[in-house]
Amino acid sequence: MEMARTMTETKAVGASSTEAPKFKIKMSGRGVNVHYGAKHALKTVDIDIRENQVTAFIGPSGCGKSTFLRCLNRMNDTIDACKVSGDLKLDKQDIYDKSIDVVQLRARVGMVFQKANPFPKSIYENIVYGPKIHGLATGKQELDEIVEKSLRGAGLWNEVKDRLLDSGTGLSGGQQQRLCIARAIAVSPEVILMDEPCSALDPIATAHVEELIDELKSKYTIVIVTHNMQQAARVSQRTAFFHLGVLVEEDDTANIFTNPRDERTQGYITGRYG
Amino acid sequence: MPNDHIVKSFDEELKRLSNLLARMGGLVEAQIATSIQAVAQRDGDLATSVITADSRVDELERDIDDQVLRVMALRQPVATDLRFALGALRIAADLERAADYAKNVAKRAIALNQVAPLRPVHAIPRMGAMVREMLKDVLDAFAARDVAKAVAVWNRDEELDEMYGSLFRELLTYMMEDPRNITGSTHLLFIAKNIERIGDHTTNIAETIHFLVTGVPLRAERPKGDGGNFAVVGASKPAE
C-alpha cells in the first residue's frame with residue numbers, strides 16, 4: 001500500500017513553495033458588485049492586482065471584464081444607472097471614498113481605449129495636455145522634456161520627433177495608439193488600464209504595442225482587457241477569466257493556458273462552449 | 001472533453017490524430033506479439049515479417065509528427081488540447097521505440113534458430129504476454145482517458161522487471177554449466193532485456209496519460225523490480 005500512497009503524491013507544476021511572494025499588491029477588489037439598473041453586471045468580485053505586473057482580463061462579451069476595468073479608475077461614475085458596491089483599493093486606500101478627487105485618481109490610474117482617440121491637435125499638444133491641467137510642469141523646457149520622455153516611453157519618439165507639430169490624427173492607427181499610451185504616461189500614472197488596445201491594429205502594430213506593454217511593466221502596473229487570448233498569453237503574468245459577471249478564475253497566465261482549474265475557463269480558452 | 005469545439009474542423013484534426021495513434025498502437029501490439037511468437041516457434045519467416053513491417057510503424061510516427069505540427073501551427077492549442085498534442089508526440093515516440101525492440105527480438109529469433117533450443121526460452125512468451133497486456137491496457141487507458149488504468153499499468157512494470165531478473169539469473173547458471181549455451185543464452189538475455197525495455201516505454205505512456213488528463217506530472221518514484229542489475233556470478237556471501 002505504501003506504493004499506492006506515494007504514487008498519488010503529485011504536485012502542480014506552478015505550485016508555490018514556501019518562499020515569500022516577490023510582488024506587492026497595487027490594487028485590490030473585495031466583494032465588488034456592479035448593477036446597471038436591474039442588471040447585475042458584476043457579482044462579488046475578489047481580486048488582487050500585482051504591482052509591476054501585467055494582469056489580463058479575458059472572457060466572452062458581456063462577461064463584466066470591461067465593467068470591472070472601469071471600476072478601477074471610476075469611469076463608471078459617469079453612467080447614472082451604474083451602481084458600484086464593495087471595496088476597491090489603490091495602495092490600500094479606498095478609491096470610492098468621499099475624500100477621493102476623481103481627477104487625481106485618474107491621473108494615478110490612466111486609461112488607454114480600444115480605438116485610438118488622439119485629440120484633434122498636434123502630437124505635442126496631445127502629450128502636454130495632461131501635464132498642463134494637472135500642473136505637472138511650469139515652463140516650456142519642462143514640457144519639452146515630458147514630451148520627449150513620454151514619446152520615448154511609448155516607443156514613438158524616433159518616428160515623430162521631426163513632426164511634433166503635425167496633427168496626431170494624421171498618424172497611422174498603430175502610431176495613434178502609441179500616442180495615446182504616451183499621453184497616458186505623460187502624467188506619470190502608477191497604473192495603466194488598457195481596454196482592448198490592439199483590437200483595431202494590424203499584427204505588426206500589435207506586436208509594437210505588446211513589446212511596449214512588456215517594457216512599461218517595469219515602471220507601471222498594467223491591467224489589460226483583451227478578446228485575443230493569445231495576446232493575454234503573450235503579454236500578461238496573471239490572467240483573470242470572467243464569465244457572466246463572475247470572476248471564475250485568476251492565476252499565473254502559464255497555469256491558465258496549460259492547466260486551468262475551472263471547466264468554464266477550459267471551455268472558453270480551448271474554444272468550446274461551456 | 002464533454003464538449004466539442006465551436007470550430008468543427010479543429011475536432012476533426014484532433015480526431016485524426018487519435019485515429020493515427022490508435023492505428024500505430026495496434027500495429028505495435030501486433031509487432032510485439034509476432035516477434036515473441038517467432039522466438040517461441042523458432043519461425044524465421046514470422047521474424048522476417050516483423051523486420052519488414054517496422055517501416056510502417058516509422059511511417060505512422062512521421063504522420064503523427066506532421067499532424068501535431070499542423071495542429072500546433074494552425075490552431076495554437078491550449079490547456080487540454082495542448083497537452084493532448086504534446087502527449088500524442090510523446091506516445092508516438094514511445095511506440096516507435098517499443099516497435100524497434102520488437103524488431104530486435106525478431107532479429108535475435110533468427111539468430112536463435114541457428115543454435116539448439118534452450119529450456120529458459122519458455123520464460124519469453126510469459127514476459128511477452130505480460131508486456132502485451134500492459135501495452136494493450138495503456139492504449140485503452142489513453143483512448144478512455146482513464147488515469148487509474150494508466151497508473152495500474154505503471155505499477156505492473158515492477159513484476160515484469162522481476163521476471164527479467166529471475167530469467168537473468170537462470171541464464172547465468174546455464175552459461176556456467178556449459179559454455180556451449182553462451183551464444184543462445186546471450187541472445188535470450190537480449191530478447192528478455194528488449195521486452196523489459198518495452199515495459200519501460202509502456203510506463204512512459206502511462207505517465208504521459210496522467211499528465212494529459214490531470215495536467216500534473218506523475219512524480220512519484222516508480223516501484224522497480226530487481227532487474228538483475230546487481231546480479232553477479234560466484235559472489236561469496238559475507239560471513240554471518
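Our structure is the block above this text.
Residues numbered from 1 in each chain as written. Chains lettered and ligands numbered in written order. Predicted model: local features only at pLDDT ≥ 70, side-chain atom pairs only at ≥ 80, totals over all residues.

1. Notes on the sheet that holds strand S6 (residues 109–112) of chain A
Residues and elements named next belong to chain A. Just so we agree on the cut-off: Two strands pair if DSSP finds at least two bridges between them. Counting from the N terminus, the helices are DSSP H or I runs at least four residues long and the strands are E runs at least two residues long. To get an axis, fit a line to the C-alpha atoms, keeping to the stretch in contact for a helix; angles then go from 0 to 180 degrees between the N-to-C directions.
Pairing is mixed in the open sheet, where 6 strands are placed in the order S6-S7-S8-S3-S9-S10. Each end of this open sheet is capped by a strand with a single partner; those strands are S6 and strand S10 (246–252). Each neighbouring strand pair of the sheet contributes to a mean axis angle of 20°, computed without reference to strand direction. Here strand S7 (residues 191–195) runs beside strand S8 (residues 221–225); their pairing, made up of 5 bridges, is parallel. Paired with Asp 195 across the two strands is Val 225, which belongs to S8.

2. Thoughts on the sheet that holds strand S4 (residues 82–90) of chain A
Each strand in a sheet pairs with its neighbour through backbone hydrogen bonds, running either in the same direction (parallel) or in the opposite one (antiparallel). Residue and element names in this part refer to chain A. The strand order across the open sheet built from 4 strands is S2-S1-S4-S5, with neighbouring strands paired in antiparallel fashion. A strand with exactly one partner marks an edge of an open sheet, and here the two such strands are strand S2 (39–50) and strand S5 (93–94). Relative to S2, strand S1 (residues 25–36) runs antiparallel, the two being bridged by 8 bridges. Note that in S2 the partner of Ser 28 across the bridge is Asp 48.

3. Topic: helix H6 (residues 182–214) of chain B
Note the threshold: Expected span of a helix, by definition, is 1.5 Å for each gap between consecutive residues, and there is one gap fewer than residues.
Over its 33 residues, H6(B) extends 48 Å from the first C-alpha to the last, a length consistent with the 48 Å expected when each residue adds 1.5 Å. In the segment just after H6(B), B:Gly215 is the residue with positive phi, at about 85°.

4. A closer look at helix H8 (residues 203–216) of chain A
Residue and element names in this part refer to chain A. Test applied: Counting other C-beta atoms within 10 Å of a residue's own tells you its class, since 20 or more makes it buried, 12 or fewer makes it exposed, and anything in between is partly exposed; those C-beta atoms are placed from the backbone. The directions from the helix axis to the C-beta atoms are what the arc is built from. Residue pairs are scored as contacts if the distance between their C-beta atoms, which are placed from the backbone, is within 7 Å.
With 14 residues, H8 extends 20 Å between its outermost C-alpha atoms, agreeing within 8% with the 20 Å of an ideal straight helix rising 1.5 Å per residue. Taken as a whole, H8 has its buried residues at Val 209, Leu 212, Ile 213 and Leu 216. One face of H8 carries all of its buried residues, which in axial projection span an arc of 105°. Every exposed residue of H8 that faces more than 90 degrees away from the buried side is listed here: Pro 203 and Ile 204. Buried residues belonging to H8 abut strand S3 (54–58), helix H7 (173–185), S7, S8 and helix H9 (229–235).

Remember, this is a structural readout, not a statement about activity or role.
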